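The chain contents come next:
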Amino acid sequence: MSRRLHLNVNILNAGVFGGSWRFPGTDGTASYTIEHYTSIAKKAEQAKLDAVFLADGPSLDPQIRHRTSNNLEPTTVLARIAAQTERIGLIGTLSSSYNDPVELARRLGDLDYVSGGRFGWNVVTTAGAVAARNFGRTSEPGHALRYRRAAEFTEQVVASWAARTALVSPQGRPVVVQAGGSSDGRRLASRVGEVIFSADQDIEHARAFRAEIREGAAAFGRRPEDVVVLPGLSTVVGGTEAEARARRELLDEILPGEYARNRLAGQLGISLDGLSDDEPIPPELLVAPDEAGGSQTFYRVVKTIIETERPTLGRLLKKLSGGGGHRIVVGTPEQIADDIELWFRTGAADGFNVMPDVLPSGFDDFADHVVPELRRRGLFRTDYEGTTLRDHLGLGLPDAGPYELRPLEPAL
Amino acid sequence: MSPVIQLALAVGEPAAPPAAGPARGPVPVPLTGAVAVAAAAREAGIAAIRLLDEVAAGHALDPTVVAAYLAGLHDGLGYIAEVPTTHNAPYNTARRVLSLDRATGGLAGVALRAGGGDEVSRATAPAPRAAGPAARWAEYAHVLTRLWESFPRAALIGDQQAGVVVDDALVRPIGHEGAFYRVAGPLDGPSSVQGRPVVVADLGDLDVLDVTAVARSADVVVVGRKRAAGADAALTEALRRAGRSRQEVALLGRVEIAGDDLGPGGAATAAALAGELRDWAGEHRLDGFELVPTGSADAVVTAVRALTPRLTDPADAPASPRPLTLRAALGLPEPAAVAA
């Protein structure tokens, strides 16, 4: 069977840009209501997407003054969406550092059962001291320690699902989604990840990343096709190219400036004080990615941009636009479909975790115009062929019987 | 007012029938049956369904997941998720329950079960040798109530012109440092339209929790048959010592009901049982009942339909179809801000 394109929508509260919530015609606090999430999920189901995706972290974003943030807990949101939809997959982010594995295994397995086999667990280790302080710590555990725990934690949870004899979902057990781009994160992805949510600006790099993950999976005794790689893709859709560019420029204009600086400084763990917008960022400010404490994926992406493009601070802030370092495509539905097709056909992606610029309007445009264009090209499904998330992703049922714990390192 | 009625329900899969004798306590009803029960409960004017976390007679689904799912199908009814302290860090419980409360428009609560700790909090427990489920319960419930008020609704302004989402001066960390937990806060989402979710304390028939442990934070106290006598006086006194009044708490008596006895031809049985329960409530000054039916989903629906109208006073039938929040349905005032 030919490869099939996979599409999720990341309901990143008001949208991926820092100024999304201020976009004209947008209800600025809609992402604080449950209807925002259920209605986008219904739209995604009409468009036959694979899944909705909810990012999350157990803390209040210190930048809350300037931008909307996660504010509803994912399993309760997804259980409600499950009640109001029939097919759409439901992927939620839950921390391996700040949950008890016994409780999480039960809750997520039950959500999978209640939703009829539509749930996927995005395993994250949760960067940052802000979350750590809500759980008795004064600072986050070190990166390597977080990932070591994540590997053991994830396997314990999966083994517990595999051991279920009651309340087993039609897809056997939830899909494991993994997002880390660091070397620790890539190893975890190869070991247990079934969907990989990556961040890549460059098609060559993305192709190499996907190849590495697939080879890594094989080294752990898995089939490469049992891993689906979905880079994040921020979309700005316009009826014409000029309209799309104007929309992008407007998003830059309404980005709260103080927010963009603070966020970048926080994410890189450096001070930008005293640096004006028209000065280039000195590359020596940045340490090697594996030594960075927070999100290494984001750090890596930004470091590459700084080293290759030597942007001024102002230009870099505009380029990132308050997003998480994911690639931004701006254009007509045809242009965006061209981009998606190129990445898909040349092995850089199995599909995308789509992060619309503004929610819900940016997703409406994507669902109403880009998805039909992808269908015209024979790239995307016209209807669901199954009922579970594994069905949508083309992942078979997991092997019956107890889950065999994998070694921490691949076989050589 | 009429007695408050809360329904206890386990949703999931019954265990294979035991070789001898009927199962003790409630039997999990399947998810589809639970949907029918929720519809019947709403129609009958039940204030809330308490979703049980653990039952002897089978496997129960996670109550927060089931509550969110059922609320997505049947609104206008309260949902109380049972959550044990065991395996649950308080920040996570606070988030889940407040998310549920906001999604239901102020119709949610938590029945916090006394137990042990969780793996995450244990690693950094301030007083590693602190012990006692009752003391842990009291500290845990207090952390929940403070987190639920750490991000006041009024702080969410969404001023698109000025570029201000939240007036962050109004959002305060809680900085909790206790014997069992250390929690900075604040929570990530704004507070509920009912002030904060309802906290249910179940004193059961066991001696794990007592009125003193729960007096500071409980909104609903449930007692079993054996502990109903004297509960009102003891609760009143414990609340007074905690600086609260008896009007701020609903005291409910728990009753197991064999739903199968109330089916067709069971009208006399239902009337007799309702009379007995109303006398019991009057004698012990209970504000209402927690009904615990012990049969199939059909039997639960039968029990709800047969008993609820006979327990409530038709003269008290509310003019508006449903109270707006769970606190209103339980006859509780909105809480004043929790003292730091």
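Source: prediction; values computed, not measured.

Caption draft 1: Quick peek at the overall build of chain A. Along the backbone of chain A there are 14 helices and 9 strands. Computed over the C-alpha atoms, the radius of gyration of chain A is 20 Å, within 12% of the 22 Å expected from 2.2 N^0.38 for a compact globule of 412 residues. Seen along its three principal axes, the alpha-carbon backbone of chain A occupies a region of about 60 × 50 × 40 Å. Burial statistics for chain A: of 412 residues in total, 58% are counted as buried.

Caption draft 2: Examining the nonpolar core more closely. Judged by nonpolar contacts, the single largest core of 226 residues is most densely connected at A:V52, B:L9, B:I49, B:Y79 and B:V221. It is helix α9 (residues 297–311) of chain B that contributes the most residues to this core, 9 residues altogether. For this core, the domains that each give at least three residues are domain 1 (6–241 + 325–393) and domain 2 (256–320) of chain A. In this view, B:V221 contacts B:A201, B:L203, B:V214, B:L235, B:V249 and B:L251; residues no more than four positions away in its chain are not counted. Membership of the second largest hydrophobic core comes to 6 residues, among which are A:A199, A:L268, A:V301 and A:V302.

Caption draft 3: Fine view of the confidence of the model for chain B. Averaged over every residue, the pLDDT of chain B is 92; residues scoring 70 or more account for 92%. If you check the scores for this complex, the pTM reads 0.94 and the ipTM reads 0.96.

Caption draft 4: Summary view of the interface of chain A and chain B. Contacts between chain A and chain B engage 47 residues on the former and 49 residues on the latter. Elements with a minimum of two residues in the side of chain A that touches chain B: α2 (74–84) and α3 (101–114) of chain A. For the side of chain A that touches chain B, the leading source of residues is α3(A), giving 9 residues. Residues belonging to the side of chain A that touches chain B are distributed by class as follows: 21 nonpolar, 14 polar and 12 charged.

Caption draft 5: A look at the packing of helix α1 (residues 31–44) of chain B against helix α2 (residues 63–73) of chain B. Residue and element names in this part refer to chain B. Two elements in contact, α1 and α2, have axes separated by 10 Å at closest approach and are oriented at 55 degrees. As far as their axial angle goes, α2 and α1 are oblique. With respect to the hand of their crossing, α1 and α2 are arranged in right-handed fashion. Where α1 abuts α2, its residues A34, V35 and A38 lie against V66, L70 and L73. Residues of the contact of α1 with α2, tallied by class, amount to 6 nonpolar, no polar and no charged.

Caption draft 6: Representation of the domain arrangement of chain A within the structure. Residues and elements named next belong to chain A. One can read the domain layout of chain A as domain 1 (6–241 + 325–393) and domain 2 (256–320). A straight line from the C-alpha centre of domain 1 to that of domain 2 covers 25 Å. In this complex, domain 1 contributes 16 residues to the contact, which on the side of domain 2 involves 18 residues. Broken down by class, the residue content of the side of domain 1 that touches domain 2 amounts to 2 nonpolar, 12 polar and 2 charged.

Caption draft 7: Representation of the sheet that holds strand β14 (residues 288–293) of chain B in the model. Residue and element names in this part refer to chain B. Spatially, 8 strands are ordered β1-β3-β5-β6-β11-β12-β13-β14 in a closed barrel, and the strand pairing comes out parallel. Put simply, the sheet's adjacent strands are angled 25 degrees from each other on average, direction ignored. Judged from the 4 bridges that link them, strand β1 (residues 4–9) and strand β3 (residues 48–51) form a sheet pairing that is parallel. When the bridges of β3 are listed, L7 appears paired with I49. In the packing of helix α8 (residues 267–284) onto the sheet, the strands contacted are β13 (250–257) and β14, and the crossing angle to β13 comes to about 150 degrees. Sheet contacts for α9: β1, β13 and β14; angle to β14, the most-contacted strand, approximately 160 degrees.

Caption draft 8: A look at unusual backbone geometry. For the bond running from A:L359 to A:P360, omega is 5 degrees, close enough to zero to count as cis. Take A:P360: it is sitting in the loop between β9 (351–356) and α13 (361–376). Cis geometry is adopted by the peptide bond preceding B:P186, which originates at B:G185 and carries an omega value of -5 degrees. Phi at A:L167 takes a positive value of approximately 55 degrees, unusual for a residue other than glycine. Mapped onto the elements of the fold, A:L167 is located in the loop between α5 (143–162) and β5 (175–178). Classification of A:L167 as buried rests on a count of 20 C-beta atoms within 10 Å. With phi around 45 degrees, A:R310 is a residue other than glycine that occupies positive phi space. On the secondary structure map, A:R310 appears in the loop between α10 (296–309) and α11 (313–320). According to the C-beta neighbour criterion, A:R310 is exposed, with 12 such atoms within 10 Å.

Thresholds, definitions, all that
- Residues numbered from 1 in each chain as written.
- Chains lettered and ligands numbered in written order.
- Predicted model: local features only at pLDDT ≥ 70, side-chain atom pairs only at ≥ 80, totals over all residues.
- Helix = DSSP H or I, 4+ residues; strand = E, 2+ residues; numbered from the N terminus.
- Rg over C-alpha atoms; globule rule 2.2 N^0.38 Å.
- Buried ≥ 20, exposed ≤ 12 C-beta atoms within 10 Å, placed from the backbone.
- Core = buried A, V, L, I, M, F, W, Y, C linked by C-beta atoms within 7 Å.
- Domains from an automatic or database assignment.
- Contact = placed C-beta atoms within 7 Å.
- pLDDT = per-residue confidence, 0-100.
- Nonpolar A, V, L, I, M, F, W, Y, C, P; charged D, E, K, R; others polar.
- Axes fitted to C-alpha atoms, helices over the stretch in contact; angles between N-to-C directions.
- Parallel < 35°, antiparallel > 145°, perpendicular 65-115°, else oblique.
- Left-handed = near helix turned anticlockwise from the far one by under 90°.
- Pairing = 2+ DSSP bridges.

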